[in-house]
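Residue-level listing of the chains:
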Amino acid sequence: MHRQQELVLEDVREAALRPLKPSGRTFWLLAAVLALLAVWGLVAYGVQIVGGLGAAGYSDQGFWGIYEANLVAFIAVSYGGALVSAILRLTHAGWRAPITRLAEATALFSLLVGMSFALVHLGRPDQVWRLVVSPQLSSPIVWDFIVVVTYLLATAIFLYLPLVPDLAVVRDRLSVKGGWRWRCYDFMALGWRGLPEQRRTLAQGVKAVAIVIIPLAVAVHSVLSWAFSLTGRPGWHSTIFAPYFVVAALYAGVATVILVVAGFRKGYNLQSHIELKHFRYLSYIMISLDLLYLYFTFAELLTEGYVMNEETVPVLSSLLLGQYAPFFWLFVLGGGFVPLLLVAIPRTRNVSGIVVAAALVVGAMWLKRVLIVVPVAAEPLIAGPWGTFHITWIPVAITVAAAAAIPLMLMLFFKVCPILSIDEMEEVAAEKESHNAAAWYKASAKLEEGSIVQ
Amino acid sequence: MRRLMFVVLATMVALPLATATALETASADAPNAVETSLRISGASASRVKGQLVLSATLTGPDGKPVNNRPVDFYQQVELLGTRDSYLGTALTDATGTASLAYQPAQKGQQTIKARSTLDESSPAVEAVSTIQVGQVVPPIPSEPLPLAPAGQWLVYAVSAVVLGVWAVLLAILATTVLGVRAETSKPGTGTQALASAWARGLPRMGGGAE
């Protein structure tokens with residue numbers, strides 16, 4: 001029994017440490033392409049600093065555009081990763097083990113990318129300093145800044161603490177004792193020896209962060225939504241925006257976790273550890289959130305559309321029937337109903353089908369954020385023409401760079417840290433083993449009892 | 001059209017709250033300078049219910065004041081380039097004077113424009129003047145908002161919550177890091193680690209190295 005178990009666990013360790021070994025040409029080629037895209041975005045940002053936000057298509061009639069949508073969308077991605085991992089940990093969902101590391105790392109890196117859009121969106125980077133030294137505490141923007149920074153700290157701790165035992169594995173297996181790599185890993189692994197007291201302390205720490213991060217994540221997206229709903233502009237001034245944004249973040253976040261898990265599973269041949277059931281369970285969560293998001297969208301539109309306030313009508317009609325209608329209905333179809341069907345139909349409920357559904361959700365939810373931002377910002381509150389937001393190459397380059405930066409950072413991160421949570425997988429395997437042993441014991445006891453009765 | 005000549009006289013007045021003094025008496029040409037001539041008269045100060053009042057006098061080609069014509073007032077601002085920010089419109093009276101109450105939001109020198117037409121078909125004429133604003137009226141009404149104290153307490157409460165969350169997060173990190181490290185430095189940890197790992201029936205890594 002021990003020998004067989006050891007073989008299974010050895011396979012886990014080998015798979016988890018696979019990215020740390022020297023990479024092939026495909027890896028470096030992909031990393032180079034992603035890095036080039038990221039550099040392209042930095043160049044575009046430089047051009048924007050010189051030319052101003054007008055160079056990015058902004059005007060005083062179209063004052064919020066793609067950057068604000070990106071800020072919400074990328075932070076949402078982070079939210080999904082952290083929350084999925086935290087909830088699965090707290091509910092002791094055994095199937096979580098192979099995907100928690102990917103979810104937590106995605107949470108941290110997408111948050112870093114999302115936060116950077118605050119800087120891009122402000123136009124002049126020195127505005128950030130003014131936000132620090134002379135904050136206006138009645139402004140939701142200041143609270144956005146505070147809560148996102150707090151969430152960044154929590155996300156970093158949430159990624160780091162479960163990583164401690166696995167860093168010890170890297171220290172012991174892939175580095176020479178006493179060498180600089182060994183010392184680095186030993187420092188980061190806190191001198192981990194796997195003692196029962198260490199395990200207890202670590203488990204308590206991880207559990208505590210998992211508890212804290214859930215309300216914190218809810219707060220992050222609520223405050224982001226208040227940056228819109230506290231303005232009083234028709235289309236943004238809504239009481240349900242906070243939960244609406246939270247559900248949207250979870251929905252897009254779970255979809256992104258599916259895409260990240262699928263990508264790294266394929267890239268590092270992790271099929272034997274990340275199975276179809278993981279995708280199915282994640283897709284069930286995604287679809288539940290899909291239904292919830294559609295419900296919120298319907299509730300929001302019905303409430304505003306039924307009353308037909310004079311100021312709200314132009315935004316609603318432009319969204320449902322006017323110039324933005326094709327995009328809105330594309331979102332409803334591609335982000336709402338098609339993913340639902342792909343997961344509901346047994347034939348398409350496979351890895352490919354679920355990945356397609358997740359990709360549609362990520363794209364459609366980004367589009368939805370643009371539709372929340374642009375039409376409302378463009379509507380004139382006093383007489384005058386509608387504002388227009390012209391998409392120039394600058395926001396396109398910056399958005400593409402941001403999307404490329406997340407997988408790039410993940411790839412580089414997994415060059416130094418295990419991609420699978422080895423310790424958790426071992427723990428789950430041990431629990432399973434003890435369950436099996438207990439079941440076997442029970443069954444044999446029953447059999448024995450039966451034979452005695454007979 | 002060529003006969004339409006009139007003069008817009010903009011008079012900027014200063015008040016106790018918003019002390020504005022016309023710095024210069026300037027003359028400005030209308031867009032079609034051949035047809036019209038414009039000049040701004042010397043400013044005079046007056047007080048109208050504690051507010052700064054912008055005035056412009058419209059005079060026809062015959063030199064007589066023009067009654068009941070709208071005059072638009074603008075402030076020149078720098079927002080994504082130089083542009084005119086609309087302040088408001090006032091009708092001329094029998095003396096040809098249009099007056100608009102104005103509360104400047106910023107101190108310093110401001111460029112004010114008055115623009116009008118003699119009738120719908122005639123071209124617009126414009127007068128420009130510069131004023132110096134010494135004091136500004138606060139843009140927010142001075143009377144307290146009904147829920148202001150609650151808002152203030154909310155800020156304190158939320159700040160306390162944020163500080164609390166930071167404290168909790170840092171405490172979790174510190175406790176965990178120090179707790180794990182403390183066990184490492186205890187003597188005989190290597191054998192204990194092996195014993196605990198094997199006791200669980202698992203050859204766990206990170207504990208079996210020694």
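Anyway, here's the lowdown on the structure attached to this text. What you see is a predicted model; the values in this text were computed from it and never measured.

## Side note on the overall build of chain A
Inference 1: Counting its regular elements, chain A contains 15 helices and 0 strands.
Inference 2: A compact globule built from 454 residues would reach a C-alpha radius of gyration of about 22 Å, and chain A, at 24 Å, matches this within 12%.

## Describing the overall build of chain B
Inference 1: Per the secondary structure count, chain B includes 2 helices and 8 strands.
Inference 2: Order of helices (α) and strands (β) in chain B, N terminus to C terminus: β-β-β-β-β-β-β-β-α-α.
Inference 3: The buried share of chain B, reckoned over its 210 residues, is 30%.
Inference 4: Counting contacts in chain B only where the partners sit at least 6 residues apart, residues at least 24 apart contribute 66% of the total.

## Some details on the nonpolar core
Inference 1: Of all hydrophobic cores here, the largest spans 145 residues; its most connected members are A:Val220, A:Tyr251, A:Ala252, A:Val254, A:Ile258, A:Met286 and A:Val361.
Inference 2: Beyond its immediate sequence surroundings of up to four residues, A:Val361 is in contact with A:Tyr251, A:Ala252, A:Ala255, A:Met286, A:Gly335 and A:Pro339.
Inference 3: Ranked by size, the runner-up nonpolar core spans 18 residues in total, among them B:Leu58, B:Phe73, B:Ala90 and B:Ala98.

## With respect to helix α4 (residues 97–122) of chain A
Counting along an α-helix, one turn takes 3.6 residues, and residues three or four places apart therefore face a common direction.
Residues and elements named next belong to chain A.
Inference 1: Between its terminal C-alpha atoms α4 stretches 39 Å, which fits the 38 Å expected from 26 residues at 1.5 Å a residue.
Inference 2: Buried residues dominate α4, accounting for 20 of its 26 residues.
Inference 3: Two residues or fewer after α4 comes Gly 123, characterised by a positive phi angle close to 85°.

## Some thoughts on the pairing of strand β8 (residues 125–133) of chain B
All names here are of chain B.
Inference 1: The element β8 is largely enclosed, with a buried count of 7 among its 9 residues.
Inference 2: Two strands pair when backbone bridges link them, and strand β7 (residues 108–116) and β8 are joined in this way by 9 bridges, in the antiparallel orientation. In the strand pairing of β8, Gln 110 is matched with Ile 131.

## Side note on unusual backbone geometry
Excluding glycine, residues mostly carry a negative phi; peptide bonds, for their part, are mostly trans.
Inference 1: Notably, A:Asn269 is not glycine yet its phi reads approximately 50°, a positive angle.
Inference 2: Structurally, the position occupied by A:Asn269 is in the loop between α9 (241–267) and α10 (276–307).
Inference 3: A positive phi angle is found at B:Asn68, which is not glycine, with a value near 60°.

## Looking at the environment of A:Gly41
All names here are of chain A.
Inference 1: Among the structural elements, Gly 41 can be located in helix α2 (residues 25–51).
Inference 2: Given 24 C-beta atoms within a 10 Å radius, Gly 41 is considered buried.
Inference 3: Between the C-alpha atom of Gly 41 and that of Thr 399, which follows or precedes it by 358 residues, the distance is 7.4 Å.

## Comments concerning the pairing of β7(B)
Inference 1: With 5 bridges connecting them, strand β4 (residues 70–78) of chain B and β7(B) associate as antiparallel partners. Bridged to B:Asp72 within β7(B) is B:Arg115.

## Focus: the environment of A:Arg280
Residue and element names in this part refer to chain A.
Inference 1: By the element assignment, Arg 280 lies in helix α10.
Inference 2: Look at Arg 280 and you get partly exposed, because 15 C-beta atoms sit within 10 Å.
Inference 3: The sequence separation of Arg 280 and Arg 349 amounts to 69 residues, and the corresponding C-alpha distance is 7.3 Å.

## Description of the packing of helix α6 (residues 140–174) of chain A against helix α8 (residues 196–229) of chain A
Residues and elements named next belong to chain A.
Inference 1: Packing of α6 against α8 brings their axes to within 8 Å, and their N-to-C directions diverge by 155°. By the angle class used here, α6 and α8 are roughly antiparallel. The hand of the α6/α8 crossing is left-handed.
Inference 2: For the contact of α6 with α8, a count of residues per class yields 25 nonpolar, 2 polar and 1 charged.

Thresholds applied
- Residues numbered from 1 in each chain as written.
- Chains lettered and ligands numbered in written order.
- Predicted model: local features only at pLDDT ≥ 70, side-chain atom pairs only at ≥ 80, totals over all residues.
- Helix = DSSP H or I, 4+ residues; strand = E, 2+ residues; numbered from the N terminus.
- Rg over C-alpha atoms; globule rule 2.2 N^0.38 Å.
- Buried ≥ 20, exposed ≤ 12 C-beta atoms within 10 Å, placed from the backbone.
- Contact = placed C-beta atoms within 7 Å.
- Core = buried A, V, L, I, M, F, W, Y, C linked by C-beta atoms within 7 Å.
- Expected span 1.5 Å × (residues − 1).
- Pairing = 2+ DSSP bridges.
- Axes fitted to C-alpha atoms, helices over the stretch in contact; angles between N-to-C directions.
- Parallel < 35°, antiparallel > 145°, perpendicular 65-115°, else oblique.
- Left-handed = near helix turned anticlockwise from the far one by under 90°.
- Nonpolar A, V, L, I, M, F, W, Y, C, P; charged D, E, K, R; others polar.

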